[in-house]
Amino acid sequence: MISSKLFGAAMIIYIVAALIYITYLALKSEKVGNLATVITILGLCVHTAALITRTVASYRQGIGQPPFANLYSSMVFFSWAIILTYIILELIYKQKAIGAFVTPIAFILLAVTTLLSDQIEPLVPALQSNWLLSHVVTCFFGYAAFAVACGISIMYLVRIHYEGMGMGNTGVMQILPSSELLDELAYKAIVIGFPFLTIGIITGAAWANYAWGSYWSWDPKETWSLITWFVYAAFLHARFAAGWKGRRTAVLSIIGFLFVLFTYLGVSWLLSGLHSYA
Amino acid sequence: MIKKITKFLSSLRLTISLLIILAFTSIAGTLIQQQQNPAIYVQQFGKPLYKVFQALGLFDLYHSWWFMSLLALLALNLLFCSLKRLPRDLKLIFSPKVKLTEEELKSFSSQGKFSTSSRSLDQTLETVLDSLKRSGFSCKQKIKDEGAWHIFSEKGKFSRLAFHVTHLSIMLIFAGAILGAAKGFSGYVNIMEGSRENTIVLRSGGQGSKQLDFAVECRKFEVTYYKDESGNDTGRPKDYKSLLAIHDHGKEVLAKEIEVNDPLSYEGIYFYQSSFGEIPQLTITVKTPQADLVGNFAVEEGGSFRFVDKDNEEVKVRLLRYFPDFTMNQSGQAVSRSNTPNNPAAFLEITSAHGQPVQTWVFQRFPDFPHAAQTGYKYSLTSTNSGKKFTGLQVVWDPGVPLVWTGCIILVIGIIVIFSVPHYRIWISISDKGKSREVIVAGNTNKNKPSFQNTFSKIITVFKSNLADRTK
Ligand code: HEM
């Protein structure tokens, strides 16, 4: 399929971008940083084109829904949403160093999809719904923002580790954003992700109500997304209202993302329920 | 004591702990399959562990008393937290402090000081109001006190309420869920194409049944399948639809075609397309011992037919079970491997006027399979038809749903407002300092400091250029 070739191209562009971001960390040259951004945006364009091609192909086959219903589709979409969220954050906050941590995530996700079947599968009737579309899109934007937050929190922990050893201003550390800024950025990313996850859970409930007449049935996937939501709600209250900062919230942000990953992948592989398709 | 309890109930520490406890306990319910048959659990865990788990409510965790208590505690937490903060927030919104002392003003991290000697006090006031307007703010209140002007300006004050509204919305969702569980019902009904039903089988509460005040008719049922490349049905259903009609007091009041994501609703009761099936129609051929045809009889599972034997006595034949794909399992029981008629088999009970009922198997593929010979007659299964179709409907009445959706919508709006609308406040004082007038501008925000500092420095620039003394 053409779309698979385009996804492959995007994957290669992302690994190139990751290498340039790392070079940027090493050389601390603005020009290299800008090049990295341009290359990432190029990758994003190719990736977008691939998604569009795949959707068109799905309509051609008479399935008539953007293909989100299997692991392959959701992963290519996930990695797209991560890059998009990251680029937006980068353009707003002008912090390029984070790219070195985020572009590899997108690359790895796309690399995993090359091991999966890229077939567009027909949807069972329950999945043919616009609710499904909004459910999947909002959930994955939430997941993407949490992925970015997790990357930033890891950077934060690395940074304070070096600062603790009195090496906060040596080598690569010089170009990493300050620990306060990293802390703030991780919070910002979660602030973006949380409303998306909330809407994602609600549209999922609306869809279930429309298809089965029950908006909540404690099926494992549903429950895990609620668990993830609890963890990030705890993060927000700790950070915003109770004034926690630094290491403790960074750890919560990383734990939160582990929950996201389990919700996304672990549930389908290890637990059984309604959502066994993706 | 009471004070201690309310303090505990309104504490954020409790919120964070509850959220984390809820997260971790919910995990247990996804690891153990919920609401299964006890026998399955005993097999899985052994009797002693089963008893412990049963006592802890782990097999229906999300409805167990302790999980419910955690949720109730969260609701109380929300309520107390809001009640505690509401008076303060209402005061902030409806009666803000307009006059701050000089010390208070100077303690703000965002502030600026100007002085002008070419303007009178009232002229200075005019310039200040104009400058505020140019910076996109407007004077909300001003008072003159002891020869000095105090001006108060703000933006986004109602975002202070977003916190309460967000937390209230969660209680709305809880309320909706409780209402639905207490008063609603959920069940299912299978309706043959062309017939009508008014009784549904309930899912919860002992599997009773419920009579509706009206009847539902299935006029027509249709399935379409995905086609493969050569245009043949693949057997994967693409869509299934039922044309339903509601008959209330003998009158047809509503008709609608429903499909999987498009239910019908009548008097708040929803009918969802959830499954479908067919009741196979079998033909049993009966011959005399001399192989003369007695007749071909159409029958479905559970149904029966009669014929008159040579002694002019009636024989009744009942179709007890039908297996489209007959096989024996390990323990020697008859089962059907699938729903495809690969090896159709029927289990008949034959009752003649004299003697005991006799039970026997007949197979379509093996018409010569010896069966209970004492009946004399020869029975064979000569055809299986897909027969009559039925539609399977999920029937739900949940009066809590509107509350739940209202809560959800408010929750989303509330969260977005909390995150994106800050409350900016600006205080200005103008006072006489000997020959010149001193203007102090101070401001703060409840969130998003960097963006406020940006706004504030723009305000300062406007003030600076407007208040500059022309004569100097
Ligand atoms: C599942 C339940 C809850 C949800 C989804 C929720 C949601 C939120 C959200 C999204 C924020 C904004 C946080 C931020 O801006 O970073 C917030 C703030 C807050 N929440 Fe909750 N909350 C919940 C339960 C509670 C409870 C039970 C309390 C009671 C102590 C509470 C107390 C607070 C406080 C004090 C704030 C700070 C508000 C402000 O200063 O504007 N929350 N909540």
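All values reported here derive from a predicted model rather than from experimental measurement.

The rules behind each value
- Residues numbered from 1 in each chain as written.
- Chains lettered and ligands numbered in written order.
- Predicted model: local features only at pLDDT ≥ 70, side-chain atom pairs only at ≥ 80, totals over all residues.
- Heavy atoms only, no water.
- Donors = N, O, S within 2.8 Å, 3.2 Å for Na, K, Ca; no water.
- Tetrahedral: all angles 85-135°; square planar, octahedral: opposite > 155°, others 65-115°.
- Helix = DSSP H or I, 4+ residues; strand = E, 2+ residues; numbered from the N terminus.
- pLDDT = per-residue confidence, 0-100.
- Contact = heavy atoms within 4.5 Å.
- Salt bridge = Lys/Arg side-chain N within 4 Å of Asp/Glu carboxyl O.
- Buried < 20%, exposed > 50% of the residue type's maximum accessible area, 1.4 Å probe, protein only.
- Polar contact = N/O pair within 3.5 Å; in protein donor to acceptor, adjacent residues only side chain to side chain.
- Pairing = 2+ DSSP bridges.
- Axes fitted to C-alpha atoms, helices over the stretch in contact; angles between N-to-C directions.
- Near = heavy atom within 4 Å.
- Nonpolar A, V, L, I, M, F, W, Y, C, P; charged D, E, K, R; others polar.
- Phe/Tyr/Trp six-rings, centres within 6.5 Å; stacked < 30°, edge-to-face > 60°.
- Core = buried A, V, L, I, M, F, W, Y, C linked by side-chain atoms within 4.5 Å.

### Some details on the coordination of the iron atom of the ligand
Four donors placed tetrahedrally around a metal ideally meet at 109.5 degrees, and six donors placed octahedrally ideally meet at 90 or 180 degrees. With distances of 1.8 to 1.9 Å, the protein atoms coordinating the iron atom of the ligand are H237 of chain A (NE2) and H167 of chain B (NE2). Between the six donor atoms coordinating the iron atom of the ligand, the angles at the centre fall across 81 to 178°, so the site counts as octahedral. Of this pair, H237 of chain A sits in helix 7 (residues 220-241) while H167 of chain B sits in helix 8 (residues 159-183), on two different chains.

### Focus on the confidence of the model for chain A
With 86% of its residues at a pLDDT of at least 70, chain A reaches an overall mean of 83. Within the model, the stretch residues 273-278 of chain A combines pLDDT values under 50 with 20 contacts to residues more than four positions away or in other chains.

### Observations concerning the pattern of salt bridges
All names here are of chain B. Counted according to the given criterion, the structure contains 23 salt bridges over all chains. K433 is the partner of E102 in a salt bridge, and the nearest nitrogen-oxygen pair spans 3.4 Å. Of this pair, E102 sits in helix 6 (residues 102-106) while K433 sits in strand 19 (residues 424-433); the two residues are 331 residues apart in sequence, bridging distant segments of the chain. E102 sits in the partly exposed class, given a relative accessible area of 31%. R318 is paired through a salt bridge with E349; the nearest N and O atoms lie 3.9 Å apart. Here the residue R318 occupies a position in strand 13 (residues 314-323), and E349 occupies one in strand 16 (residues 345-351), the gap between them amounting to 31 residues. A relative accessible area of 31% places R318 in the partly exposed class. Residue class for E349 comes out buried when judged on its relative accessible area of 18%. Put simply, E102, K106, K113, K433 and E438 are held in one network by salt bridges that share partners.

### Considering the side chain of E438 of chain B
All names here are of chain B. Within the fold, E438 resides in strand 20 (residues 436-445). For E438, a relative accessible area of 9% translates into the label buried. Among the polar contacts listed, one links the side chain of E438 to the side chain of K433, at a separation of 3.2 Å. In contact with E438, other than residues within four places in its own chain, are E102, K113, F114, S115, S429, I430, S431 and K433.

### Overview of the sheet that holds strand 12 (residues 304-308) of chain B
Residues and elements named next belong to chain B. Spatial ordering of the open sheet is given by 12-13-16-17, a layout of four strands whose pairing is antiparallel. Each having just a single partner strand, strand 12 and strand 17 (358-363) make up the two edges of the open sheet. Averaged over all pairs of adjacent strands, the angle between strand axes in this sheet comes to 30°, irrespective of strand direction. Pairing of strand 13 with strand 16 involves seven bridges; the strand directions are antiparallel. Pairing of K316 across the sheet is with T351, part of strand 16.

### Comments concerning the site of the ligand
Residues in contact with the ligand amount to 22 residues; listed here are only the nearest, H237 and F240 of chain A together with T15, C81 and H167 of chain B. The environment around the ligand is built from residues contributed by chains A and B. Here a nitrogen atom of the ligand sits 2.7 Å away from a polar atom, N or O, in the side chain of H237 of chain A. Between an oxygen atom of the ligand and a side-chain N or O atom of R85 of chain B, the distance comes to 3.4 Å. Taken together, the elements giving at least two residues each to the shell around the ligand come down to helix 6 (179-212) and helix 7 of chain A together with helix 2 (12-31), helix 5 (65-94), helix 8 and helix 9 (401-420) of chain B. Across the shell around the ligand, the residue classes tally to 15 nonpolar, six polar and one charged.

### Some words on the packing of aromatic side chains
All names here are of chain A. Overall, the coordinates contain 54 aromatic pairs over all chains when judged by the stated rule. Between the aromatic rings of F140 and Y143, the centroid separation amounts to 5.3 Å while the plane-to-plane angle is 75°, which identifies the pairing as edge-to-face. Of the two residues, F140 and Y143 both sit in helix 5 (residues 130-164), three residues apart, roughly one turn of that helix. Judged by its relative accessible area of 6%, Y143 falls in the buried class. Linked through ring pairs, F77, F78, W80, F140, F141, Y143, F196 and Y264 together constitute an aromatic cluster.

### Describing unusual backbone geometry
Even without a glycine there, the phi angle at H249 of chain B is positive, about 50°. Within the secondary structure, H249 of chain B is located in the loop between strand 7 (233-248) and strand 8 (251-259).

### Points about the nonpolar core
Residues F78, I82, Y143, W229, F257 and Y264 of chain A together with F67 of chain B are the most contacted members of the largest nonpolar core, which totals 123 residues. The biggest single contributor to this core is helix 5 of chain A, with 16 residues. Ignoring anything within four residues of it in the chain, the contact list for I82 of chain A reads V102, I105, L109, A144, A147 and V148 of chain A. If you look at the next biggest cluster of nonpolar residues, it comprises 21 residues, including F185, V216, I246 and F271 of chain B.

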